[in-house]
Amino acid sequence: MILAGDIGGTNARFGCYANGERVGVAELDAEGFPNGEELLCAALADLPAGSIDACCLAVAGPVFGDQAKLTNVDIDFSRADIEAATGASAVVLVNDMVALGSAVSGLGDDRFELLSGEPGDGVKCVLAAGTGLGMAVVADGKCLPSEGGHARIAPVGAFERELVSFSESEVDHHGGVLAWEHYLSGRGVEALYRAVCAVWGAKGESLDGEEITRRGLAVADPVCHTTVETWAGVLATAAGGLAVTSLSLGGVYLGGSIPVAVAELLRGALFRRRFEDAAWAADYLENVPIYLIADPLAGLEGAHLIAKGRLRQD
């Protein structure tokens, strides 16, 4: 049996696989556990019992050798602790974007929704916006993780430059560098809302990202609506920039809870136009397909594929 885990800053998902089929899933709140060992033990208690041959945990944070630590939650994992808890002879620790990229590489495009463009071949890239913003590049079946979400944001137009100017004052303790993730994440939706309120001179409410998104999509609040539309535009620019940087003619794949929530905006012509306008002398972006990873268990499937590949090597 194979144990796979996709552990983010909010949701921790685990699955057991037997003969290539998923036979059990456990979904836990990552923030509710003091350490990785207790989180893993709780997951095992919720999953079907059996001998585990291989385990791959995909973690939303940096992985260095036999150690991994979540970026947004104070939880870490070690190969030794995982081996002790599971009894697995083959243990793999990877960044969560490696697992999502492995899913993009190994599952086939019929598992994802084609938002726009036409299917093509070549390098692919992945952007996942949830608790944080992850980026990755998939080439020749291999997934290369990236910290592109921490790169400085590139605003488009006078309005976005005003928004960025305000938000830079909020992150001044970080050197005033406003990265893509400061907007393209759950907390980023809230930061963008505050910026829109400040630029418009509107009195903001104490709203979380989910409520801002709900009101914005319902066009029930002009500030929320502008926030959500601007968020989608910023995502389009980030996606186009990554596609040009990696020459991802095989497609751009958008994952995470927020793109799924605002999918109706991503299907529109404005999103496509903003994507194609993201770079200079990049007419080839017109032919790049954009996909939505709507399956919340896609990262889990990718972790399973990685563990399965490690078993074959052994």
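Every value quoted in this text rests on a predicted model; they were computed, and no experiment measured them.

Definitions and limits used
Sequence order as written defines residue numbering, which begins from 1 separately in each chain. In keeping with the model being predicted, local features are shown solely for residues with a pLDDT of at least 70 and side-chain atom pairs are shown and tallied solely at 80 or more, while totals for entire chains, interfaces and linings include all residues. Each side-chain value is derived from all of the structure's non-hydrogen atoms; neither hydrogens nor water enter the calculation. When DSSP finds two or more bridges between a pair of strands, those strands are recorded as paired. Strands are runs of DSSP state E lasting at least 2 residues, helices are runs of H or I lasting at least 4, and numbering of each runs from the N terminus. Axis lines are fitted through C-alpha atoms, for helices just across the contact stretch, and the angle between N-to-C directions can take any value from 0 to 180 degrees. Note on contacts: a residue pair is in contact if any heavy atoms of the two residues lie within 4.5 Å. Reported orientations rely on four angle classes, namely roughly parallel under 35 degrees, roughly antiparallel over 145, roughly perpendicular from 65 to 115, and oblique for the rest. For every residue, the pLDDT score states the predictor's confidence, bounded by 0 at the bottom and 100 at the top.

Digging into the sheet that holds strand 2 (residues 11-18)
So, step 1. Across the sheet, five strands lie side by side as 3-2-1-4-8; this open sheet has mixed pairing. Unpaired on one side and paired on the other, strand 3 (21-29) and strand 8 (90-95) mark the two borders of the sheet. The mean inter-strand angle of the sheet, taken between neighbouring strand axes irrespective of direction, is 15°.
So, step 2. Both strand 4 (residues 54-59) and strand 8 contribute to a ladder of six bridges, which runs parallel. Bridge pairing in strand 8 links cysteine 55 to valine 91.
So, step 3. Against the sheet, helix 2 (residues 79-86) touches strand 1 (2-7), strand 4 and strand 8, its axis set at about 130° to strand 8.

Considerations on the sheet that holds strand 13 (residues 251-255)
Sheet strands associate in pairs through backbone hydrogen bonding, adopting either a parallel or an antiparallel arrangement.
So, step 1. Ordered in space as 9-14-13-10-11-12, the six strands form an open sheet in which the pairing is mixed. Since the sheet does not close on itself, it has two edges, and those belong to strand 9 (113-116) and strand 12 (142-146), each with one partner. Geometrically, the sheet is characterised by an average inter-axis angle of 25° between neighbouring strands, direction not taken into account.
So, step 2. Where strand 10 (residues 124-129) and strand 11 (residues 133-139) come together, six bridges link them in antiparallel fashion. By the bridge assignment for strand 11, alanine 129 is matched with leucine 133.
So, step 3. Relative to strand 14 (residues 290-292), helix 10 (residues 269-276) is tilted by about 130°, and along the sheet it contacts strand 9, strand 13 and strand 14.

Observations regarding the packing of helix 4 (residues 157-170) against helix 7 (residues 222-246)
So, step 1. Between helix 4 and helix 7, the shortest axis-to-axis distance is 12 Å and the interhelical angle comes to 100°. Here helix 4 lies roughly perpendicular to helix 7, going by the angle between them. Facing Phe159, Glu160 and Leu163 of helix 4, the residues of helix 7 in contact are Thr226, Thr230 and Val234.

Describing the confidence of the model for the protein chain
So, step 1. Scored by pLDDT, the protein chain comes out at a mean of 92, with 99% of its residues at no less than 70.
So, step 2. When mean pLDDT is compared element by element in the protein chain, strand 14 scores highest at 98, while strand 12 scores lowest at 86.

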